[in-house]
Amino acid sequence: MINSLHKYLPLQFRPAFYFLLFIPLLVCHPFQSQGKSDSLSLAFKNARNEIDRIHAATLIAQRLMPAQMDSAKALLTLAEPLSTMQNGLPRADYLNTWGIYHWYSRDYIQAKAFFRQTLGMPHTEQLMPKIAQAANNLGTLSSMLGKSDSARVYLEKALEIDTRRGYVDGMMKTKYDLGALALRMDQYELALRHLKEVIDY
């Protein structure tokens, strides 16, 4: 099988092809908050109001997963009032964090439902990073579940948002996930292009 795959790759891709042999199944993880735990804990303690405090709790919950799922759930339960907010950054983080919680709990239907709620929020400049995060997570999850067409649509949306924002870390995360998707679909040349960009970064 390896010889037949090698034969159909253009010459310029053949050396890089062997890179794929080391990643037969790329591991895909949800896109999570990158805030430092110490600064988030400080934000929780010094919050000016209840909304700020429970918003910080959702971000701490993201950082606790997957190692401390029970603690993450307790913080999300504390932050439940954010679910009734009309819109805004705290609600987007709340929805995305519940989505990540259900992802790690392998309740993928619930995870996708929360990410879709974020995707349906107003596409304001403030919320676009959270919408990109939700789109990436929906795309990655769809890819894992074999929904290739949906996965590509969501991942391309995430890539478009982060490209427009100039957020390179987000772009590379999505490029990695697009590479994983292409590999699952036996599109080896496309997989190599995406993954080479990630490696070069």
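Up top you'll find the structure we're talking about.
Residues numbered from 1 in each chain as written. Predicted model: local features only at pLDDT ≥ 70, side-chain atom pairs only at ≥ 80, totals over all residues. Heavy atoms only, no water.

*Asks:* Which residues make up the overall build of the protein, and what values do they have?
*Replies:* Helix and strand content of the protein: 11 helices and 0 strands. When the elements of the protein are put in sequence order from the N terminus, they spell out α-α-α-α-α-α-α-α-α-α-α. Burial status across the protein gives 46% buried among its 201 residues. Accessible area for the protein stands at about 10700 Å²; split by element, carbon and sulfur atoms hold 56% of it. (Helix = DSSP H or I, 4+ residues; strand = E, 2+ residues; numbered from the N terminus. Buried < 20%, exposed > 50% of the residue type's maximum accessible area, 1.4 Å probe, protein only. Areas by Shrake-Rupley, 256 points an atom, 1.4 Å probe, with all protein chains shown as cover.)

*Asks:* Got a sec to walk through the nonpolar core? Specific residues and values, please.
*Replies:* Core analysis: the biggest nonpolar cluster contains 35 residues, and Tyr 94, Phe 115 and Leu 119 have the highest contact counts within it. Contributions of two or more residues to this core are made by α4 (50–64), α5 (69–78), α6 (89–104), α7 (108–119), α8 (128–144) and α9 (148–165). Setting aside its immediate chain neighbours within four residues, Tyr 94 contacts Thr 58, Leu 76, Ala 79, Glu 80, Leu 82 and Ser 83. Core analysis: the next-biggest nonpolar cluster, separate from the first, contains 7 residues, Leu 159, Met 172, Leu 178 and Leu 181 among them. (Core = buried A, V, L, I, M, F, W, Y, C linked by side-chain atoms within 4.5 Å. Contact = heavy atoms within 4.5 Å.)

*Asks:* Tell me what's going on with the pattern of salt bridges, and back it up with residues and numbers.
*Replies:* The full count for this structure, using the stated rule, is 8 salt bridges. Arg 53 is the salt-bridge partner of Glu 50, the closest N and O atoms lying 3.1 Å from each other. Linking Glu 50 with Arg 53, this pair stays in helix α4, spanning 3 residues, or about one helical turn. We classify Arg 53 as partly exposed; its relative accessible area is 26%. As a salt-bridge pair, Asp 177 and Lys 173 come within 2.5 Å of each other at their nearest N and O atoms. Note that Asp 177 and Lys 173 are positioned in helix α10 (residues 168–184) at a spacing of 4 residues, about one turn of the helix. By relative accessible area, Asp 177 is classed as buried at 2%. (Salt bridge = Lys/Arg side-chain N within 4 Å of Asp/Glu carboxyl O.)

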